[in-house]
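Coordinate analysis (summary)
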Amino acid sequence: MKTRMLTVPGFHGSDNNHWQTWLEHQFPESERLTGVNWESPRIYPWAEALEKQLDNMPDQAILVAQSFGCLVSALMASWRPEKLAGLILVAPAAPQRFTLYGAKSESQKNLQTIAGCLPDQRLNTLGVLVASKNDPWMSVVQADQLSRDWGLAFYNAGEAGHINSESGYGAWPLIKDFVSAMLEAIEPLPGDDVYQLGSWNSSRKRQIIRTYSIISSSAPQNAFLQYA
């Protein structure tokens, strides 16, 4: 069994200067979500496209998502946990900013948002949520709460904007370290059953923290918080 990385960009996609594009070059066998309209962020069509792509992959995948792509990836983790080996969610966008028809506009204030479409319990996968203190798409407080609700480790990237190419995140060695550490952490698991990862996420999180402190001197001590 060989775990692969699959990137899930957000609204407008990820351009050539985006860290997701750079990261894909670091892992040549990785894939990017296909079959969606980047200018039309609709949760269910994107999730269905992601599910189809995962089904066409022979093995499990680590989803590395940004912005709206984080919401799609979390939904997929609740739909098809057996297809996922892990989640890395970077700068998630607030679900209150979207309706079932796309990004919410001023004229759509009364339309229901996609908040109710997302999982409201722990996800059965190893994972981390990376947030920024000054992200215009989601407050760090809301991001912290999401990580708690979904049972993911939490990393505060400081004042990093929306953690995209516009905020200067192109080549980003730390995110490569995150992926490498997750791949290494998954490897020792006995068997191929992803459902083991739910409890394993909590019991092994201290070891993952130590791994990150070794591979990245830029990561602050105790950056990953443990949530029971």
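One structure accompanies this document, and this report is about it. (Residues numbered from 1 in each chain as written. Predicted model: local features only at pLDDT ≥ 70, side-chain atom pairs only at ≥ 80, totals over all residues. Heavy atoms only, no water.)

So, the overall build of the chain
In terms of regular secondary structure, the chain is built from seven helices and eight strands. In the chain, buried positions account for 56% of the 228 residues. Put simply, 73% of the contacts in the chain that link residues at least 6 apart link residues at least 24 apart. Of the roughly 10,400 Å² that the chain leaves accessible, carbon and sulfur atoms contribute 47%. (Helix = DSSP H or I, 4+ residues; strand = E, 2+ residues; numbered from the N terminus. Buried < 20%, exposed > 50% of the residue type's maximum accessible area, 1.4 Å probe, protein only. Contact = heavy atoms within 4.5 Å. Areas by Shrake-Rupley, 256 points an atom, 1.4 Å probe, with all protein chains shown as cover.)

A few points about unusual backbone geometry
Of note, Ala-91 is a non-glycine position whose phi angle comes to about 50°, a positive value. By secondary structure assignment, the location of Ala-91 is in strand β4 (residues 84-92). We note that Ile-163 has phi near 50°; this positive angle belongs to a residue other than glycine. Inspection of the secondary structure puts Ile-163 in the loop between β8 (153-156) and α5 (173-186).

Concerning a nonpolar patch on the surface
On the surface, a nonpolar cluster with roughly 480 Å² of combined accessible area is contributed by Tyr-44, Trp-79, Leu-100, Tyr-101 and Leu-111. Of note, Trp-79 is situated in helix α3 (residues 68-79). (Patch = residues over 30% accessible without salt bridge, like charges linked within 9 Å, V, L, I, M, F, W, Y side chains within 5 Å. Salt bridge = Lys/Arg side-chain N within 4 Å of Asp/Glu carboxyl O.)

Concerning the pairing of β4
Of all nine residues in β4, nine are buried, a share of seventy percent or more. As paired elements, strand β3 (residues 61-67) and β4 share seven bridges and run parallel to each other. The residue bridging Val-64 from the neighbouring strand is Ile-88, located in β4. For the crossover that starts at β3, traverses α3 and ends in the parallel β4, the hand is right-handed. (Pairing = 2+ DSSP bridges. Right-handed = clockwise from strand over helix to strand, strands pointing away.)

Looking at the pattern of salt bridges
In the structure shown here, the tally under the stated rule is seven salt bridges. Note that Arg-80 is salt-bridged to Asp-55, the shortest N-O span being 2.9 Å. Highlighted residues: Arg-80 in the loop between α3 and β4 and Asp-55 in helix α2 (residues 43-55), separated in sequence by 25 residues. Arg-80 is the partner of Glu-82 in a salt bridge, and the nearest nitrogen-oxygen pair spans 2.5 Å. Judged by relative accessible area, which is 18%, Arg-80 ranks as buried. Through salt bridges with shared partners, one network takes in Glu-51, Asp-55, Arg-80 and Glu-82.

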